[in-house]
Amino acid sequence: MGGFFAVAGAVAWRQIYKYFTNPAFLAPAFFPIFFFVAFAGGLTRVGDVPGFDYSGGYIAFQYVWALLQAVAMGGAFTGFSIAGDFENGFASRLLLAASNRSGIVLGYTLASLARVTVTGVLVTALALLVGMPISGGFDFFGLIGLAVLVNLAATLFGAGVAMMLRTQQAGPVIRTPIFLVLFLAPVFVPLDLLSGWLETIARYNPFTTILEAARGYLVGEPTSTLPAYAIALALVLVFALWALYGLRRAERAG
Amino acid sequence: MTGSSLLTQISAIALRSTLRTARQPAVLVSAILFPMMFFSVNAYGLDAATSIPGFPADSYLDFAFAFPLVQASLFGSITAGADLARDIESGFFDRLSLTPMRPVALLAGMLAGVVALGLVQGVVFLAIGLLMGVEVSSGFLGMVVLVLLTVLVALGFGGVGAILALRTGSVEAVESAFPLFFVVIFLSSINLPRDLIEAGWFRFIATINPVSYLVEGLRSLVITGWDPQALLLGFGCAVGIIVLSLAGAGASLRTRVAR
């Protein structure tokens, strides 16, 4: 067990050092911040449409989506880093040297959490700066908990794909499904105001439950919290198995 | 190639540029699929916005139809710019300068490829839009003008892609501009009419952003019919971008050839 944590710590430390000595580590924050500015700034009037019943206002409504997007894309970018490590040969040496290889997955996951802590704080600071209220008080930590689980799930998904394909060309395979899941949800208006096929897909998209619960936490009106946490935990579990499967495939490939 | 006219040279490069795009299914699919996906998500996600007092259309599907046309033109320019940068990186551009072919033929040929892609995108989007239920108020002639304006927008932004490629000579640098193009699209009146944008700073940016006028020109053909002011501004901006970007690309080409 000691080997497991030692390997995880070493991998996490290397990744965190790499992130914080290269400004590119902020890249996953670009799109969430940009979408937040574009949607919260340009679509404020959408908060006035009949049936828009979110009490926190449109900026808060968009903030939650931007935050979850930031943490999910942070997970995707960690997948890109893993793929890069395989391409430049570092990962092969790591597989040879590690006394417990499962610790590698945990190491990358911890580094991803450290990374999105910074990008998440950036998105939150911007939202507060433009006047977003946090009326839910301590319920805000419920939102943070869901954001952490979303990051874990996205990181483990990305890690699994990266270890299976072991090339940076895995980028679109990691990014596209995450992007689709994020956008096929109630991004602009609450679920009941969506129309057409988007409403149907959003209703069955598990991310919708997480997003709605997170929005509820922000304004102190928790809704569907149990299903949201159950879904998020299930995703973490499934993608942890997926990442370990990817690791075994990478081991077999040498 | 010795003795061949400039037109022949341009045709040869245009054919190469078009075939190269056609042989990359991933490029074609993303050039068609992504703009339509965003259009669809926006159209059904923001349909409720039509109930805002003063909203100019009954259907957000009609209102949003300019989105894929402009987005595809901008993305097409990145693809074309990256192809040109690849020619520079791989040494094709240098080898070409040893032949009697004039460098301007390479630029014109690449832009002809952009126009061809813009034309395909315009026609395909129009067909898919009509199938999805978009109603073009200006009728069949309006559809022709819609495709024409889309092609002009593609040519204008293709020139911007050429400037990036010729200045940097790097595929990575050209593709890094992708997020900036995204910013230019979204900080415009693409999602709401300018008079319904509440935040003053956003409305100001949208007003000085030429993409707003391109979008409004295209949109007017769909939701209004024939609106001379919107069309004049739309075509005016498109021609302005074409003139400026081609002048910039020409200057960049001279600098590149002189190296």
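Residues numbered from 1 in each chain as written. Chains lettered and ligands numbered in written order. Predicted model: local features only at pLDDT ≥ 70, side-chain atom pairs only at ≥ 80, totals over all residues.

Asker: Hey, could you run me through the overall build of chain B in this one?
Answerer: Each helix and strand counted, chain B has 12 helices and 0 strands in total. Reading the helices (α) and strands (β) of chain B from amino to carboxyl end gives α-α-α-α-α-α-α-α-α-α-α-α. Taking 18 Å as the expected radius of gyration for a compact globule of 259 residues, we find that chain B reaches 19 Å, a close match to that expectation. Expressed along its principal axes, the backbone C-alpha trace of chain B runs to roughly 65 × 35 × 35 Å. The proportion of buried residues among the 259 residues of chain B is 47%. (Helix = DSSP H or I, 4+ residues; strand = E, 2+ residues; numbered from the N terminus. Rg over C-alpha atoms; globule rule 2.2 N^0.38 Å. Buried ≥ 20, exposed ≤ 12 C-beta atoms within 10 Å, placed from the backbone.)

Asker: Looking at this model, I keep getting lost on the environment of A:Met164. Mind explaining?
Answerer: Residues and elements named next belong to chain A. Mapping methionine 164 onto the fold places it in helix α6 (residues 140–165). C-alpha separation for the pair methionine 164 and alanine 83, spaced 81 residues apart in sequence, amounts to 9.1 Å. Setting aside anything within four residues of it in sequence, one finds methionine 164 in contact with Gly246 and Arg249. (Contact = placed C-beta atoms within 7 Å.)

Asker: Would you explain the interface of chain A and chain B in this entry?
Answerer: Each partner contributes to the interface: chain A provides 24 residues, whereas chain B provides 20 residues. Taken together, the elements giving at least two residues each to the side of chain A that touches chain B come down to α2 (27–42) and α8 (196–204) of chain A. Take the side of chain A that touches chain B: its biggest share by element is 5 residues, from α2(A).

Asker: Any chance you could explain the environment of A:Gly131 here in plain terms?
Answerer: Take A:Gly131: it is sitting in the loop between α5 (102–129) and α6. Taking the C-beta count within 10 Å as the criterion, A:Gly131 has 10 such neighbours and is therefore assigned exposed.

Asker: Explain the packing of α2(A) against helix α3 (residues 58–87) of chain A here, please?
Answerer: Geometry of a packed helix pair, given as the angle between the helix axes and the separation of the axes. All names here are of chain A. Packing of α2 against α3 brings their axes to within 8 Å, and their N-to-C directions diverge by 160°. Here α2 is positioned roughly antiparallel relative to α3, judged by the angle of their axes. Remark: the crossing between α2 and α3 carries right-handed chirality. For the pair α2 and α3, the contacting residues are Ala27, Pro28, Ala29, Phe31, Pro32, Phe35, Phe36, Phe39 and Ala40 in the first and Tyr58, Ile59, Gln62, Tyr63, Ala66, Gln69, Ala70, Met73, Gly74 and Phe77 in the second. (Axes fitted to C-alpha atoms, helices over the stretch in contact; angles between N-to-C directions. Parallel < 35°, antiparallel > 145°, perpendicular 65-115°, else oblique. Left-handed = near helix turned anticlockwise from the far one by under 90°.)

Asker: Would you mind showing me how to read the packing of α3(A) against helix α9 (residues 206–218) of chain A here?
Answerer: Residues and elements named next belong to chain A. Between α3 and α9, the shortest axis-to-axis distance is 10 Å and the interhelical angle comes to 125°. Taken together, α3 and α9 sit at an angle that is classed as oblique. For the crossing formed where α3 meets α9, the hand is right-handed. Contacts from Ala60, Phe61, Val64, Trp65 and Leu68 of α3 reach α9 at Leu211, Ala214, Arg215 and Leu218. Residues of the contact of α3 with α9, tallied by class, amount to 8 nonpolar, no polar and 1 charged. (Nonpolar A, V, L, I, M, F, W, Y, C, P; charged D, E, K, R; others polar.)

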